[in-house]
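So the chains spell out like this:
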Amino acid sequence: MSDPVTIIMIEDDEGHARLIERNIRRSGVNNEIIPFTNGTEAVNYLFGKDGSAVERKGQALLILLDLNLPDMTGIDILKRVKENKYLKSTPVVVLTTTDDSQEIKRCYELGCNVYITKPVNYESFANAIRQLGLFFSVIQVPPAAL
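This section reports on the structure supplied with the text. (Residues numbered from 1 in each chain as written. Predicted model: local features only at pLDDT ≥ 70, side-chain atom pairs only at ≥ 80, totals over all residues. Heavy atoms only, no water.)

1. Here we look at the overall build of the protein chain
A count of helical and extended segments in the protein chain gives 5 helices and 5 strands. Overall, the protein chain shows an N-to-C arrangement of helices and strands of β-α-β-α-β-α-β-α-β-α. Computed over C-alpha atoms, the radius of gyration of the protein chain comes to 14 Å, within 12% of the 15 Å expected from 2.2 N^0.38 for 146 residues, which places it in the range of a compact globule. Here the C-alpha coordinates of the protein chain stretch approximately 40 × 35 × 25 Å along the principal axes. Of the contacts made within the protein chain by residues no fewer than 6 positions apart, 70% connect residues no fewer than 24 positions apart. Carbon and sulfur atoms provide 50% of the accessible area of the protein chain, an area that totals close to 7600 Å². If the 16 positive side-chain charges of the protein chain are averaged to one point and the 19 negative ones to another, these points end up 6 Å apart. (Helix = DSSP H or I, 4+ residues; strand = E, 2+ residues; numbered from the N terminus. Rg over C-alpha atoms; globule rule 2.2 N^0.38 Å. Contact = heavy atoms within 4.5 Å. Areas by Shrake-Rupley, 256 points an atom, 1.4 Å probe, with all protein chains shown as cover. Lys, Arg positive; Asp, Glu negative; His and termini not counted. Charge placed at Lys NZ, Arg CZ, Asp CG, Glu CD.)

Right under this line is the structure:
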């Protein structure tokens with residue numbers, strides 16, 4: 001039996017973070033969700049004290065990543081995760097308000113697994129997150145490289 005997947009949510013908008021977590025829970029996903037409101041804290045958690053991410057070795061993680069953060073870009077975080085030998089197989093779901101086609105292309109080129117533009121309408125956003133939660137309940141996530 002594999003370890004449960006821990007969801008790392010990097011979202012600076014507290015209202016969006018609550019909405020995301022509530023609707024993931026409504027879809028029946030009970031995995032641990034560790035929220036971060038800025039990139040610095042998330043990077044410190046993911047990469048650990050020595051910056052190598054060896055502390056994450058063997059953990060099954062899934063990253064929910066907003067691109068527009070107050071202290072760094074989500075693109076920078078995505079790039080670092082996908083270049084790291086321990087984290088590169090970690091699924092990254094970009095969940096952002098940005099719908100620029102060049103930005104979407106860049107995220108996929110850097111290795112994001114799913115790119116979702118946050119709907120402006122509350123109900124549409126809530127519905128999209130519930131569907132994402134259903135997706136989380138069926139996908140297989142590899143542990144960080146050993």
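2. Notes on the environment of Ala126
With respect to the element layout, Ala126 can be found in helix 5 (residues 122–138). Judged by relative accessible area, Ala126 falls into the buried class, the value being 1%. Taking the C-alpha atoms as reference points, Ala126 and Arg22, 104 residues apart in sequence, are found 8.7 Å from one another. In this view, Ala126 contacts Leu19 and Asn23; residues no more than four positions away in its chain are not counted. (Buried < 20%, exposed > 50% of the residue type's maximum accessible area, 1.4 Å probe, protein only.)

3. Some thoughts on the sheet that holds strand 2 (residues 33–36)
Spatially, the 5 strands line up as an open sheet ordered 2-1-3-4-5, and their pairing is parallel. Two strands lie at the open edges of the sheet, namely strand 2 and strand 5 (114–117), each paired on one side alone. The average undirected angle you get between the axes of adjacent strands in this sheet is 15°. Sheet topology places strand 1 (residues 6–10) next to strand 3 (residues 61–65); 5 bridges connect them, and they run parallel. Of the residues in strand 3, the one forming a bridge with Ile10 is Leu65. Across the sheet, helix 4 (residues 101–110) lies against strand 4 (92–96) and strand 5, angled at about 155° from strand 5, the strand it touches most. (Pairing = 2+ DSSP bridges. Axes fitted to C-alpha atoms, helices over the stretch in contact; angles between N-to-C directions.)

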